[in-house]
Amino acid sequence: MTINDREDVMALPQGDVRLLESDVALRLLASRELARLAYVAADGTPRVFPMLFHWTGTEMVLSTFAGARKIAALRARPDVAITVDAASTPPEVLLIRGRASVTDVEGIVPEYVLAQHRYAGAEQGAANVAAVDRPGTRMARIAVRPAWVGVLDFQTRLPGGVAAEDFERRGRS
């Protein structure tokens, strides 16, 4: 993709999945920032849970251990929202909406291993995986294929799709 193509990507409307090709999205998908998974719990109340993730190029994969309450909740109500954001100045934000697909896995979810290595480095990531990789370990693979994508960089893309000048006037009469 050329620089002009990347600039064209940033001109796409919020919601267009091609925003995943923007520099901001690519940077956040490769980062060590946590994904924050928003879903509706079994009791009908909203939850947001920070999680390690791995981006496959088509799916955001999150992992949890068998028995986690979010597994049944996601199966009952699979519509989710995810944010990955960098607390920089200006902040960078990737917003994803989609449906979670939950698959039971005997042993360790392969993307969990990849995420551990990205977040903790090769040596510590391997140690983290070894600490939980025991006979009888069961996990759930939570895969979200983006159906809606938003990107905010607070320079060219601002909340509400307003221009920078309009954003600066927010809250004023």
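Residues numbered from 1 in each chain as written. Predicted model: local features only at pLDDT ≥ 70, side-chain atom pairs only at ≥ 80, totals over all residues. Heavy atoms only, no water.

Quick look at the sheet that holds strand β7 (residues 138-152) now. Overall, antiparallel pairing links the 7 strands, which are arranged β2-β1-β5-β6-β7-β4-β3 in an open sheet. Of all the strands in the sheet, the pair left with one neighbour each is β2 (46-51) and β3 (54-55). Pairing of β3 with strand β4 (residues 60-65) involves 2 bridges; the strand directions are antiparallel. Of the residues in β4, the one forming a bridge with W55 is M60. (Pairing = 2+ DSSP bridges. Helix = DSSP H or I, 4+ residues; strand = E, 2+ residues; numbered from the N terminus.)

At a minimum axis separation of 7 Å, helix α4 (residues 110-120) and helix α5 (residues 122-132) run at an interaxial angle of 140°. Between α4 and α5, the crossing angle belongs to the class labelled oblique. You can see that α4 and α5 cross each other, and the crossing is right-handed. Here Y112, V113, Q116, H117 and A120 of α4 come into contact with α5, specifically with A122, Q124, G125, A126, N128, V129 and V132. In the contact of α4 with α5, the residues fall into 7 nonpolar, 5 polar and no charged. (Axes fitted to C-alpha atoms, helices over the stretch in contact; angles between N-to-C directions. Parallel < 35°, antiparallel > 145°, perpendicular 65-115°, else oblique. Left-handed = near helix turned anticlockwise from the far one by under 90°. Contact = heavy atoms within 4.5 Å. Nonpolar A, V, L, I, M, F, W, Y, C, P; charged D, E, K, R; others polar.)

Glancing now at the side chain of S31. Tracing the backbone through its elements, the reader meets S31 in the loop between α2 (23-29) and β1 (35-40). Overall, S31 belongs to the buried group, its relative accessible area being 15%. Among the polar contacts made by the side chain of S31, one reaches the main-chain carbonyl oxygen of L28 at a distance of 2.7 Å. If we skip the residues at most four places from it in the chain, S31 touches V84 and R118. (Buried < 20%, exposed > 50% of the residue type's maximum accessible area, 1.4 Å probe, protein only. Polar contact = N/O pair within 3.5 Å; in protein donor to acceptor, adjacent residues only side chain to side chain.)

We now examine the pattern of salt bridges. Pairing between side chains of opposite charge can happen when their charged atoms approach one another. Throughout the structure, instances matching the rule amount to 9 salt bridges. For E59, the salt bridge is made with R141, and the minimal N-O distance between the two is 3.2 Å. Here R141 lies in strand β7 and E59 lies in the loop between β3 and β4, a separation of 82 residues in the sequence. Judged on exposure class, the residue E59 and its partner R141 are both buried. Where E59 meets R145, a salt bridge forms, and the shortest distance between an N and an O atom there is 3.8 Å. Taken together, the residues E59 in the loop between β3 and β4 and R145 in strand β7 connect sequence positions 86 residues apart. (Salt bridge = Lys/Arg side-chain N within 4 Å of Asp/Glu carboxyl O.)

One broad rule of soluble globular proteins: the nonpolar side chains tend to lie buried together. In terms of nonpolar packing, the biggest core is built from 35 residues, with F53, M60, L62, L74, I82, V84 and L94 touching the most fellow members. For this core, the element with the most residues is β7, which contributes 5 residues. Here L94 is in contact with L20, A25, L28, L29, I82, T83, V84, V149, G150 and V151, once residues within four sequence places are set aside. Listed in part, the 6 residues of the second largest apolar core include V105, I108, Y112 and M139. (Core = buried A, V, L, I, M, F, W, Y, C linked by side-chain atoms within 4.5 Å.)

This part takes up the environment of A38. Relative to the helices and strands, A38 is located in strand β1. When its relative accessible area of 24% is taken as the criterion, A38 is described as partly exposed. C-alpha separation for the pair A38 and V48, spaced 10 residues apart in sequence, amounts to 4.3 Å. Not counting residues up to four positions away in its chain, the partners in contact with A38 are R47, V48, V80 and A81.

Right, let's get into the packing of aromatic side chains. The geometry of an aromatic ring pair comes down to the distance between the two centres and the angle between the two planes. As enumerated under the stated definition, the model contains 2 aromatic pairs in all. Note on F53 and Y119: the rings are 6.3 Å apart at their centroids and 80° apart in plane angle, and the pair reads as edge-to-face. Of this pair, F53 sits in the loop between β2 and β3 while Y119 sits in helix α4, placing them 66 residues apart in sequence. Taking relative accessible area as the criterion, Y119 reaches 14% and is therefore assigned buried. (Phe/Tyr/Trp six-rings, centres within 6.5 Å; stacked < 30°, edge-to-face > 60°.)

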